Structure formats: C-alpha cells, structure tokens
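Spelled out from the first residue to the last, the chains are:
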Amino acid sequence: MRIDRVQLRHIRLPLVHPFETSFGRETIRDIIIVKAWAGGLVGYGESASMAKPFYSYETTETCWHIQRDFLVPWLLGQDITGAADLARLFAPVRGHEIAKTGLEQAFWDLKARAEGQSLSTLLGGVKDRVECGVSIGIQDSVQHLLERIGAFLELGYRRIKIKIKPGWDREVVDKVRQAFPQVPLMVDANSAYTLDDVDLFKTLDDYDLMMIEQPLGYDDIVDHAKLQSQIMTPLCLDESITSAAHARWAIELESCRIINIKPGRVGGLHQARRIHDICQEHSIPVWCGGLLESGIGRAHNVAVCSLPNFRLPADLSSSSRYYSKDVVLPPWQVDAQGMMSVPAAPGIGVEVDEEYLESVTVGEQTFSA
Ligand code: OSB
Ligand code: MG
C-alpha cells in the first residue's frame, strides 16, 4: 500500500471535567489527528500526547515536530505492506511512541478498509463487546469523589480506578472502600512514590484492590519488583512499559502481575499486540488504558480491547464523559452493563465528523508524495 498524502491536524477539545493526577491537571486536550490517503482510501489515527511533558516526555509540539520533520517524509511514497514494515521504517527515531502512533493507526485503518474488514478483525480480535471501567481524577474533597463514583456505577461502569498521590491515598481508599465494599477498585499513582513508601503500600493490602498501577518511577522495573515481593496486591505497570522488550524485562524480573497497554504509549497497535502476546504466553492479564483520547483514538483502543488476553476492564468511557461533542459519529457509548460494542464496519468503524473536526482545528498541514 502506497501512502500518497498525509494530513496532520492539531485539534483542541475542552474536557467536560478537569482531569487531575499526581502529575498535574488537564482541562483542555491538544491532540493531533492524522489522516492518510492511499489510492482512493483514507485512514485515521491519533497522537494523544498531553500538552505538557509530565505523563511522558512527549508533548503535542514534539509529536508535530517528529511527524513533520521525520516520520511523514519517510512514510510518503513508500510501499508499506504491514505494520512491521512501518515499525522498521520508524525505528531510527528513538522513542516518540505517541508521535509514531498517529501515523501507525492511520495505516491500520487504511489497511482494514482496503481489505473490507473491521480493525478488530484485522488485528485478530475475538470479542464483539468489551468491558469498561472508569478512571477518576483527584477531586477537591472525598465527598465529591464518592458522589462521582456513585454516579459512574449508576451508569454501568464495571470497575473504578482512582488516582492517588501523597496526601490523597490511604485515607481516601479507606473511605471509598467503606462506601463501596464490593466494587472492583484499583488505584493509579502515576509514579508519585518511592521505595521509602513501602509501608503505605503494605497497608493498601487491606482493601482488596484489583491492582496498584505505576506506584514508583516512570521508567523503573527494578524497584517495582522489590515492592511487588513485599505486598499481596498485584502491581500493574503503565508508564514503564513502552515496548514489548520492556514487557519481557518486567515479566522476567517479576516487577508486576498485570500490564496496562496503551497503544499510544507503545508506538501503536503492532507493538500493543506484541505486548499482548508476550503477556498471554506468561499468563499475565492485560487491559487497555487511555490518554483521554478523542473518538478516533478511542476506536483504536476498542479494537485492541477485543484481543483475547484483554481480560480486565479498560479505561474506556463514553464520549460524553470526556467531551461535550466527539469528533466521531455515533459517539462512543458505554451501555448499562458497562460494555462497549466493537464496530463491525470496515476500518475503525465509526464516521469521522469532518465538519466538527475543522471547527476545533488550531493548526493543519498536508504533505504529498
Ligand atoms: O495514567 O492511566 C493514566 C489519562 C491521562 C494520562 C495518564 C492516564 C490517564 C487516565 C485516564 O487514567 C484514562 C482515560 O480515561 O482515557
Ligand atoms: Mg496510569
């Protein structure tokens, strides 16, 4: 498949609710939507980096730079048959996985459309509905958090993830557990702690948490192994796993018992599937995390969730939970059972609302072979 044109579009979407984590507070999302043409077909992908380099070192601007100056010129006019070719083409750029992902996903969408298959089917997905959980940011009071949890459970979400940081951790978990004794619950620290906090994590063993996500350094797998050996609750790695090699290292060191796979964090769907396969071979369950994507990135996440070893609910919410209006039609919807349907139509399986996309665009550039 020869990609003859690529469009980068920087869009700005206000979040319905600010999203606060240990690394900061997001109120507006700056995202790059990639559109690629091959013959008469188009495909879409998304680079959902944060605007600031606090979750990872990438920003919307570094994504644009890496795409405009390296990845897009390399891609244009090339005959790409599979995602492995693309991974090889992009390999000279070290890291910058989120930048790579937008282009990689656009290729997958194109390939699926060219073959008349859904993205899920092309990837090897086996589910037509996937389980949804919700990730709730740090709130201004515990009372407010409890209300938000209650409202999301009412909507059907199957598990609750709360964000923790020093000063917003054990006591909050204790109150949430008292209010919701049975709810599948987990916490995500986004690297806010060190091994000095091992006693705190030991106390969290009392709360029947499904897992503790990324408590220690954002690139660490050694201290996580030390922590995992001292607590009962499974650790889950997010930030530390940026490739299949990292997944293998973490499994060999026993740094975690669960892995969160975000296509954006690992460079796209090909790498996401490789991590899925390695984890499956080692009986490590995986689930799909999120980066507050628009409906286009969400489509790719939903397709990934349909793979068989995605055995735990994803961070996958309805469009309306993030944005007053999404860039796709129909918007994504979690049903009353906490499930989301996997589209069966060719490619990403949802229609892109080009008119709305245009109205939220703050920068655009098109490149031709
Ligand atoms: O750590 O999983 C994370 C959002 C932005 C950056 C990092 C994370 C998150 C989330 C929200 O937890 C996931 C989502 O609903 O998209
Ligand atoms: Mg996380």
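Summarised in this report is the structure supplied together with it. Being a predicted model, the structure only gives us computed values, none of them experimental.

With respect to the overall build of the protein
In step 1: Counting its regular elements, the protein contains 14 helices and 15 strands.
In step 2: Against the 2.2 N^0.38 benchmark of 21 Å for 369 residues, the protein shows a C-alpha radius of gyration of 20 Å, consistent with a compact globule.
In step 3: With respect to the principal axes defined by its C-alpha atoms, the protein has extents near 60 × 40 × 35 Å.
In step 4: For the protein, buried positions account for 59% of its 369 residues.

Focus: the site of ligand 1
In step 1: Neighbouring residues of ligand 1: 18 residues in total, closest S135, N190, K262, L292 and Y322.
In step 2: The contact in question runs from an oxygen atom of ligand 1 to an N or O atom on the backbone of L292, over 2.9 Å.
In step 3: One nitrogen or oxygen atom from the side chain of Y322 is found 2.7 Å from an oxygen atom belonging to ligand 1.
In step 4: In isolation ligand 1 offers 390 Å² of accessible surface; the protein chains occlude 100% of this area.
In step 5: Only β5 (160-163) and α13 (319-322) provide two or more residues apiece to the shell around ligand 1.

So, the pairing of β5
In step 1: Of the two faces of β5, both are covered, the one formed by I160 and I162 as well as the one formed by K161 and K163.
In step 2: What joins strand β4 (residues 129-136) to β5 is helix α5 (residues 142-155), and the crossover it makes is right-handed.
In step 3: In terms of strand pairing, β5 meets strand β6 (residues 185-188) through four bridges, oriented parallel. Looking at the pairing, I162 lines up with V187 of β6.
In step 4: For the crossover from β5 across helix α6 (residues 170-179) to β6, the handedness is right-handed.

Details of the packing of helix α9 (residues 244-253) against helix α11 (residues 269-281)
In step 1: Put simply, α9 and α11 touch, their axes get as near as 8 Å, and they point 20° apart. Here α11 runs roughly parallel to α9, going by the angle between their axes. Read as a crossing pair, α9 and α11 show a hand that is right-handed. Taking contact as the criterion, the partners of A244, A247, R248 and I251 in α9 are, on α11, Q271, R274, I275, I278 and C279.
In step 2: Residues belonging to the contact of α9 with α11 are distributed by class as follows: six nonpolar, one polar and two charged.

Description of the pattern of salt bridges
In step 1: Inspection of every chain in the model, using the stated rule, returns 21 salt bridges.
In step 2: E20 is paired through a salt bridge with R25; the nearest N and O atoms lie 3.0 Å apart.
In step 3: Accessibility expressed as a relative area gives 18% for E20, which makes it buried.
In step 4: Measuring nitrogen to oxygen at the nearest pair gives 3.0 Å for the salt bridge that ties E213 to K161. Here the residue E213 occupies a position in strand β7 (residues 212-213), and K161 occupies one in strand β5, the gap between them amounting to 52 residues.
In step 5: Its relative accessible area of 2% is what places K161 among the buried residues.

What to know about the coordination of the magnesium ion (ligand 2)
In step 1: Surrounding the magnesium ion (ligand 2) are the protein donor atoms D188 (OD), E213 (OE) and D238 (OD), at 2.1 to 2.3 Å.
In step 2: Each donor residue of the magnesium ion (ligand 2) lies on the same chain, and together they follow the pattern D-x24-E-x24-D. With a gap of 50 residues between them, D188 in strand β6 and D238 in the loop between β8 (235-237) and α9 connect regions that are remote in the sequence.

Description of the nonpolar core
In step 1: Core analysis: the largest hydrophobic core is formed by 122 residues, its most contacted members being V6, I160, I162, V176, I259 and I275.
In step 2: The biggest single contributor to this core is helix α3 (residues 97-114), with eight residues.
In step 3: Other than its neighbours up to four places away in sequence, V6 contacts V34, K35, A36, W37, V72, L75, L76, L103, Q365, T366 and F367.
In step 4: Within the second largest apolar cluster, six residues are counted, among which are M186, C236, I258 and L312.

Brief notes about the sheet that holds strand β2 (residues 24-38)
In step 1: Overall, antiparallel pairing links the four strands, which are arranged β3-β2-β1-β15 in an open sheet. Whereas interior strands pair on both sides, the edge strands pair on one side only; in this sheet they are β3 (41-47) and β15 (361-368). For this sheet, the mean angle separating the axes of adjacent strands, direction not counted, is 25°.
In step 2: For strand β1 (residues 5-21) and β15, the ladder comprises seven bridges, and the chain directions are antiparallel. Looking at the pairing, I11 lines up with T361 of β15.
In step 3: Strands in contact with α3 are β1, β2 and β3; relative to β3, the strand with the most contacts, it is inclined by about 150°.

About the cut-offs
- Residues numbered from 1 in each chain as written.
- Chains lettered and ligands numbered in written order.
- Predicted model: local features only at pLDDT ≥ 70, side-chain atom pairs only at ≥ 80, totals over all residues.
- Heavy atoms only, no water.
- Helix = DSSP H or I, 4+ residues; strand = E, 2+ residues; numbered from the N terminus.
- Rg over C-alpha atoms; globule rule 2.2 N^0.38 Å.
- Buried < 20%, exposed > 50% of the residue type's maximum accessible area, 1.4 Å probe, protein only.
- Near = heavy atom within 4 Å.
- Polar contact = N/O pair within 3.5 Å; in protein donor to acceptor, adjacent residues only side chain to side chain.
- Areas by Shrake-Rupley, 256 points an atom, 1.4 Å probe, with all protein chains shown as cover.
- Right-handed = clockwise from strand over helix to strand, strands pointing away.
- Pairing = 2+ DSSP bridges.
- Axes fitted to C-alpha atoms, helices over the stretch in contact; angles between N-to-C directions.
- Parallel < 35°, antiparallel > 145°, perpendicular 65-115°, else oblique.
- Left-handed = near helix turned anticlockwise from the far one by under 90°.
- Contact = heavy atoms within 4.5 Å.
- Nonpolar A, V, L, I, M, F, W, Y, C, P; charged D, E, K, R; others polar.
- Salt bridge = Lys/Arg side-chain N within 4 Å of Asp/Glu carboxyl O.
- Donors = N, O, S within 2.8 Å, 3.2 Å for Na, K, Ca; no water.
- Core = buried A, V, L, I, M, F, W, Y, C linked by side-chain atoms within 4.5 Å.

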